[in-house]
Amino acid sequence: MSINRCTICHDAAAENDCPAAPAGTGSLDDAQQSVLGAGALRMATIAVVFGILASTLSAQDDADTKTKGDMLFALKVKPLLKQKCFACHGGGETTEGDLILTGRQEMLLGGESSDKVLIPGNAKGSLLYTSTTRRIADYQMPPKEADRLTEEQTWLLRDWIDAGAPWPSEQD
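Residues numbered from 1 in each chain as written. Predicted model: local features only at pLDDT ≥ 70, side-chain atom pairs only at ≥ 80, totals over all residues. Heavy atoms only, no water.

Colleague: Just checking my understanding: could you explain unusual backbone geometry for this structure?
Modeller: The phi angle of most residues is negative, glycine excepted, and most peptide bonds adopt the trans form. Here the phi dihedral of arginine 134 falls at roughly 65°; this positive angle occurs in a residue that is not glycine. By the secondary structure assignment, arginine 134 is in the loop between helix H4 (127-130) and helix H5 (151-162). One non-glycine residue, alanine 165, adopts positive backbone phi at about 55°. By secondary structure assignment, the location of alanine 165 is in the segment after H5. (Helix = DSSP H or I, 4+ residues; strand = E, 2+ residues; numbered from the N terminus.)

Okay, structure coming up:
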């Protein structure tokens, strides 16, 4: 009697004596084991490789988007907001329109005239962006023509909002 390692239960089992083998088939012979074992191993390897590749690409895309948005905010958007917006919307006693732009949460709350000031991922729906393009008659910000944002500056706001409007904490 020969002893084989069963590919189903992985125990040593005498031929025709494996309890895990399908009824009437008994243990698998060496040729069947090697064919099924090699095929199963290839399939498992392919599945693992594709799983790793998919998760790596997804994580990389998320990291790239977050990093670009974070960098855009830190290097361009926050200084722009400080320079052009905080004088009227900095949260002090003279805050215009009950709109505070000094934090992401405050922007999400909106102000007197709208709660759609910041819609992360949707610049075209966010008044923070659309008002700076000066295409909406009642929402042209900053209001003074001399303080008007350049087209490039409006694009910075647009790109930051479309990247999810990340606002890293001061400690980061």
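Right, picking up where we left off after that structure.
Colleague: Is there a simple way to think about the side chain of histidine 89 in this case?
Modeller: Inspection of the secondary structure assignment puts histidine 89 in helix H2 (residues 86-89). Given a relative accessible area of 12%, histidine 89 falls into the buried group. At 3.0 Å, the side chain of histidine 89 forms a polar contact with the backbone oxygen of leucine 99. (Buried < 20%, exposed > 50% of the residue type's maximum accessible area, 1.4 Å probe, protein only. Polar contact = N/O pair within 3.5 Å; in protein donor to acceptor, adjacent residues only side chain to side chain.)

Colleague: Can you help me understand the nonpolar core in this one?
Modeller: Residues Val77, Leu81, Leu101, Met107, Leu128, Trp160 and Ile161 are the most contacted members of the largest nonpolar core, which totals 22 residues. Of all the secondary-structure elements, those providing two or more residues to this core are helix H1 (30-84), H4 and H5. Sorting elements by how many residues they give to this core places H1 first, with five residues. Leaving out residues up to four positions away in the same chain, methionine 107 has contacts with Leu81, Ile100, Leu101, Val117, Leu118, Leu128, Trp160 and Trp167. (Core = buried A, V, L, I, M, F, W, Y, C linked by side-chain atoms within 4.5 Å. Contact = heavy atoms within 4.5 Å.)

Colleague: Looking at this structure, I do not really get the packing of aromatic side chains. What am I missing?
Modeller: Two measures describe an aromatic ring pair: the distance that separates the ring centres and the angle between the ring planes. Under the criterion given, the structure shown has three aromatic pairs. Aromatic side chains tryptophan 160 and tryptophan 167 sit 6.2 Å apart centroid to centroid with 65° between the ring planes, which places their arrangement in the edge-to-face category. A connected cluster of aromatic rings, assembled from ring pairs, spans Phe73, Trp160 and Trp167. (Phe/Tyr/Trp six-rings, centres within 6.5 Å; stacked < 30°, edge-to-face > 60°.)

Colleague: Is there a simple way to think about H5 in this case?
Modeller: For H5, built from 12 residues, the straight-helix expectation of 16 Å at 1.5 Å per residue is met to within 8% by its first-to-last C-alpha distance of 16 Å. Listed as buried for H5 are Gln153, Thr154, Leu156, Leu157, Trp160 and Ile161. On an axial view of H5, the arc spanned by its buried residues comes to 150°, and they lie on one face. Residues of H5 that are exposed and angled more than 90 degrees away from the buried face: Glu151 and Glu152. Just past H5, the residue glycine 164 takes up positive phi, approximately 100°. (Expected span 1.5 Å × (residues − 1). Arc of directions from axis to C-beta.)

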